[in-house]
Protein chains: 2
Amino acid sequence: MDTRPIGVFDSGMGGLTVLHECLVTLPQEDYVYLGDGARLPYGPRPLDEIRRFAAEIAGYLESLGVKLVVAACNSATAAALPDLQRRLSVPVVGVLAPEAHAAVLATRNRRIGLLATEATVASGRYAELVHALDAGAEVVPVACPRLVPLIEGDDPFGEETAEAVREYAAPLREAGVDTVILGCTHYPLIRPVLQRVFGRGVTLVFSAEETAREVAELLERRGIGNGEGREGGCRFLTTGDTALFREMGRRFLQLPIASVERVELAALEAAAA
Amino acid sequence: MDTRPIGVFDSGMGGLTVLHECLVTLPQEDYVYLGDGARLPYGPRPLDEIRRFAAEIAGYLESLGVKLVVAACNSATAAALPDLQRRLSVPVVGVLAPEAHAAVLATRNRRIGLLATEATVASGRYAELVHALDAGAEVVPVACPRLVPLIEGDDPFGEETAEAVREYAAPLREAGVDTVILGCTHYPLIRPVLQRVFGRGVTLVFSAEETAREVAELLERRGIGNGEGREGGCRFLTTGDTALFREMGRRFLQLPIASVERVELAALEAAAA
């Protein structure tokens, strides 16, 4: 038994969908979530800058005594995961490999679609991970720049979102994919819109669910889970506006957020130094 | 529900340890096992020859109407998996990726040992797969040329085996690994010897168990399992001596083998053509 908390981070709120699945799958664990609200979004930033930010945050979480860090952000995972894994002494789980594995196991016709941000599509990491497991599978990527702003906007279930999803889904339907990797932690929020456009015949793979499964298996295999039966707690930290985090974060977490603590960027920089 | 059988192949008997775990994990499935007794061992052969043999066998199994092929041989997986996956329309599961994944999840100090044949160690594939999942993990490989002959010999639990295991384990104990990948399908047969030399503190990862888990998850995710509750059957095919297969195979399968059918090499070659 290991009572140390699990650290989870993201540039902003998207990682809260991963935390949501972890809270459901592993309710006995304690969590510390850090959103880098002061510097989001990471997507348009240079890779080495994303790596520096991720290293600061992961180092800070490690200094809080976490037993495991979850990089709950596709851009940060694509840019920084190997670097974080080499730096930290605790394990670091990213969101890409669990999803790629799930997609390879799920596809029947071995044609896999990918919806993700431009940065994640450009990294080519999903295709690499899929091909390492099934060299004969085909990955059809579509960058979806409009989705994150729509999901963070006032009307995530509006006609504009439905229209954007139809547009991004069209080339995947054309290609006849039977499995779609949703390669951004924001996308679970519009799950019904996505499932309706693709239909029941297409399997949607979400990073939040697959990453929570991976975390659960890691704790079990290492024997570092917390005692079953207890109800764990969760600390929320942000480098940005705490009121905004609490307000907007509830939509992503789909659970109440009691209090949010502010972390100064100087504290993160000090942790990386 | 999908009543087609699962195809499993190996150069000889080692893959029967994988079949054993599949039979225990998925008793409701039907299986066809093919051992290439006429051409074993694969280990010392050139890679392109192993790829040709594996393509013939996998093509032959596909012609029998299997829903999935398991390459239950580390040398064949290391040499031929991507090629098989590109050739076949049914999914092909190898023994390396499931083990690498399990080892990454299991290790606490991120130092992973590998015991395998010379060919598998030389391929470097385990280290690649481990580093794709944890760039900060260390893989310490040891080639074990004496183990397969000892395990196939008259006295697998004798002093010579124990001595060989102590010799191969020494550099891994020296390196302080806490997890050891047993990268050959023969090794489950000497599990007690291995566990005794490494001690309870070291996690041993067996290809047979991890591959059976992977097959079970694939069937479940694709919805192509056979009906639960039924007891499946198993056909045994060999290109070599059927009496030898039945006799020696029982030791690997640890279950009775009723009958063994002979397959001519010409039939395999025809399937690949």
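Keep in mind the model is a prediction, meaning the values are calculated, not measured. (Residues numbered from 1 in each chain as written. Chains lettered and ligands numbered in written order. Predicted model: local features only at pLDDT ≥ 70, side-chain atom pairs only at ≥ 80, totals over all residues. Heavy atoms only, no water.)

So, about the overall build of chain A. Counting its secondary structure elements, chain A contains 12 helices and 10 strands. For 273 residues, the compact-globule estimate of 2.2 N^0.38 gives 19 Å, and the C-alpha radius of gyration of chain A, at 18 Å, lies within 12% of that figure. Seen through its C-alpha atoms, chain A measures out along the principal axes to roughly 50 × 40 × 40 Å. Sorting the 273 residues of chain A into buried and exposed places 59% on the buried side. Taking contacts inside chain A between residues at least 6 apart in sequence as the whole, the part at least 24 apart equals 76%. Working note: accessible area of chain A is about 10,600 Å², and carbon and sulfur atoms make up 50% of it. Side chains of chain A give 27 positive and 37 negative charges; the mean places of these two sets differ by 2 Å. (Helix = DSSP H or I, 4+ residues; strand = E, 2+ residues; numbered from the N terminus. Rg over C-alpha atoms; globule rule 2.2 N^0.38 Å. Buried < 20%, exposed > 50% of the residue type's maximum accessible area, 1.4 Å probe, protein only. Contact = heavy atoms within 4.5 Å. Areas by Shrake-Rupley, 256 points an atom, 1.4 Å probe, with all protein chains shown as cover. Lys, Arg positive; Asp, Glu negative; His and termini not counted. Charge placed at Lys NZ, Arg CZ, Asp CG, Glu CD.)

Turning next to the relation of the copies chain A and chain B. In screw terms, the move from chain A to chain B is a rotation of 180 degrees and a rise of 0.0 Å along the axis, fitting with an RMSD of 0.0 Å. Expressed as an axis order, the relation between the two copies is that of a two-fold axis. A shared binding surface is used by both copies, with 100% of the interface residues of chain A retained as interface residues in chain B. (Least-squares fit on C-alpha atoms with pLDDT ≥ 70 in both.)

All names here are of chain A. As summarised here, the arrangement of the six strands in space is E4-E3-E1-E2-E9-E10, forming an open sheet in which the pairing is parallel. Edge positions in the sheet fall to strand E4 (92-94) and strand E10 (260-262), since each of these pairs with one other strand and no more. Averaged over all adjacent pairs, the angle separating strand axes in this sheet is 25 degrees, with direction ignored. (Pairing = 2+ DSSP bridges. Axes fitted to C-alpha atoms, helices over the stretch in contact; angles between N-to-C directions.)

All names here are of chain A. If you check the domain split of chain A, you get domain 1 (6-94 + 209-272) and domain 2 (96-207). One C-alpha centre belongs to domain 1, the other to domain 2; they are set 23 Å apart. Taken together, the contacts link 20 residues of domain 1 with 24 residues of domain 2. With both chains or domains summed, domain 1 and domain 2 bury close to 1,700 Å², and 56% of this area falls on carbon and sulfur atoms. Area buried by domain 1 at its contact with domain 2 is led by Asn74, Glu210 and Arg251, which between them contribute 35% of it. In this assembly, domain 1 and domain 2 are joined by one salt bridge. Across the pair Arg191 and Glu209 runs a salt bridge whose closest N-O atoms are separated by 2.3 Å. Counting the contacts that link domain 1 with domain 2 gives 13 residue pairs in polar contact (both at pLDDT 80 or more). Among the elements of the structure, helix H1 (15-25), helix H3 (74-87), helix H10 (207-222) and helix H11 (242-253) are those that each provide at least two residues to the side of domain 1 that touches domain 2. In terms of residue class, the side of domain 1 that touches domain 2 is built from six nonpolar, nine polar and five charged. (Domains from an automatic or database assignment. Buried area = accessible area lost by both parts, 1.4 Å probe. Salt bridge = Lys/Arg side-chain N within 4 Å of Asp/Glu carboxyl O. Polar contact = N/O pair within 3.5 Å; in protein donor to acceptor, adjacent residues only side chain to side chain. Nonpolar A, V, L, I, M, F, W, Y, C, P; charged D, E, K, R; others polar.)

Taken as a whole and assessed by the stated rule, the structure comprises six aromatic pairs over all chains. Residues A:Tyr33 and A:Phe245 carry aromatic rings whose centres are separated by 6.0 Å and whose planes lie at 55 degrees to one another, so their mutual orientation is tilted. On the criterion of sequence distance, the pair formed by A:Tyr33 in strand E2 (residues 31-35) and A:Phe245 in helix H11 is long-range, its members being 212 residues apart. Their ring planes at 50 degrees and their centres at 6.1 Å tell us that B:Phe236 and B:Phe245 sit as a pair that is tilted. (Phe/Tyr/Trp six-rings, centres within 6.5 Å; stacked < 30°, edge-to-face > 60°.)

Our next topic: the interface of chain A and chain B. Contacts between the two partners involve 28 residues from chain A and, on the opposite side, 28 residues from chain B. Roughly 2,600 Å² of surface becomes buried between chain A and chain B when both sides are summed, with 45% attributable to carbon and sulfur atoms. On the chain A side of the interface with chain B, the three residues burying the most area are A:Leu105, A:Arg221 and A:Arg222, jointly 29% of the side's total. Across the contact surface, chain A and chain B share four salt bridges. Where chain A touches chain B, the interface holds 20 residue pairs in polar contact (both at pLDDT 80 or more).

Here the focus is the pairing of strand E5 (residues 111-116) of chain A. All names here are of chain A. By the criterion of burial, E5 is predominantly enclosed, with five of the six residues buried. As defined by bridge partners, E5 adjoins strand E6 (residues 138-143) across six bridges and the pair is classed as parallel. Each residue of the ladder has a partner; that of Gly113, found in E6, is Val140. Pairing analysis gives five bridges linking E5 to strand E7 (residues 179-183), with the strands arranged parallel.

What follows deals with the packing of helix H4 (residues 96-106) of chain A against helix H10 (residues 207-222) of chain B. Contact geometry for H4(A) and H10(B): axes closest at 7 Å, N-to-C directions at 70 degrees. In terms of orientation, H4(A) lies roughly perpendicular with respect to H10(B). In this structure, H4(A) uses A:His101, A:Ala102, A:Val104, A:Leu105 and A:Ala106 to contact H10(B), whose residues at the interface are B:Glu214, B:Glu217, B:Leu218, B:Arg221 and B:Arg222. Broken down by class, the residue content of the contact of H4(A) with H10(B) amounts to five nonpolar, one polar and four charged. (Parallel < 35°, antiparallel > 145°, perpendicular 65-115°, else oblique.)

Moving on: the side chain of A:Thr185. Within the secondary structure layout, A:Thr185 lies in the loop between E7 and helix H9 (191-198). Of the residues examined, A:Thr185 reaches a relative accessible area of 4% and is grouped as buried.

All right, on to the sheet that holds strand E7 (residues 179-183) of chain B then. All names here are of chain B. Pairing in this open sheet of four strands is parallel, and the strands run E6-E5-E7-E8 from one edge to the other. Of all strands in the sheet, those bounded by a partner on one side alone are strand E6 (138-143) and strand E8 (203-206). Strand after strand, the sheet turns through a mean of 25 degrees between neighbouring axes, direction not considered.

This brings us to the pattern of salt bridges. Inspection of the entire model under this criterion finds 40 salt bridges over all chains. For the salt bridge of A:Asp83 with A:Arg87, the shortest nitrogen-to-oxygen distance reads 3.1 Å. Taken together, the residues A:Asp83 and A:Arg87, both in helix H3 and four residues apart, mark about one turn of the helix. Given a relative accessible area of 22%, A:Asp83 falls into the partly exposed group. A salt bridge links B:Arg146 to B:Glu163, with the shortest nitrogen-to-oxygen separation between them at 3.0 Å. A residue pair is termed long-range when its members are at least 10 positions apart, and B:Arg146 in the loop between E6 and helix H7 (147-152) and B:Glu163 in helix H8 (residues 159-175) qualify at 17 residues. For B:Arg146, a relative accessible area of 29% gives the class partly exposed. The exposure class assigned to B:Glu163 is partly exposed, which follows from its relative accessible area of 35%. Look at the salt bridges and you will find they share partners, linking A:Asp36, A:Arg39, A:Arg52 and A:Glu56 into a network.

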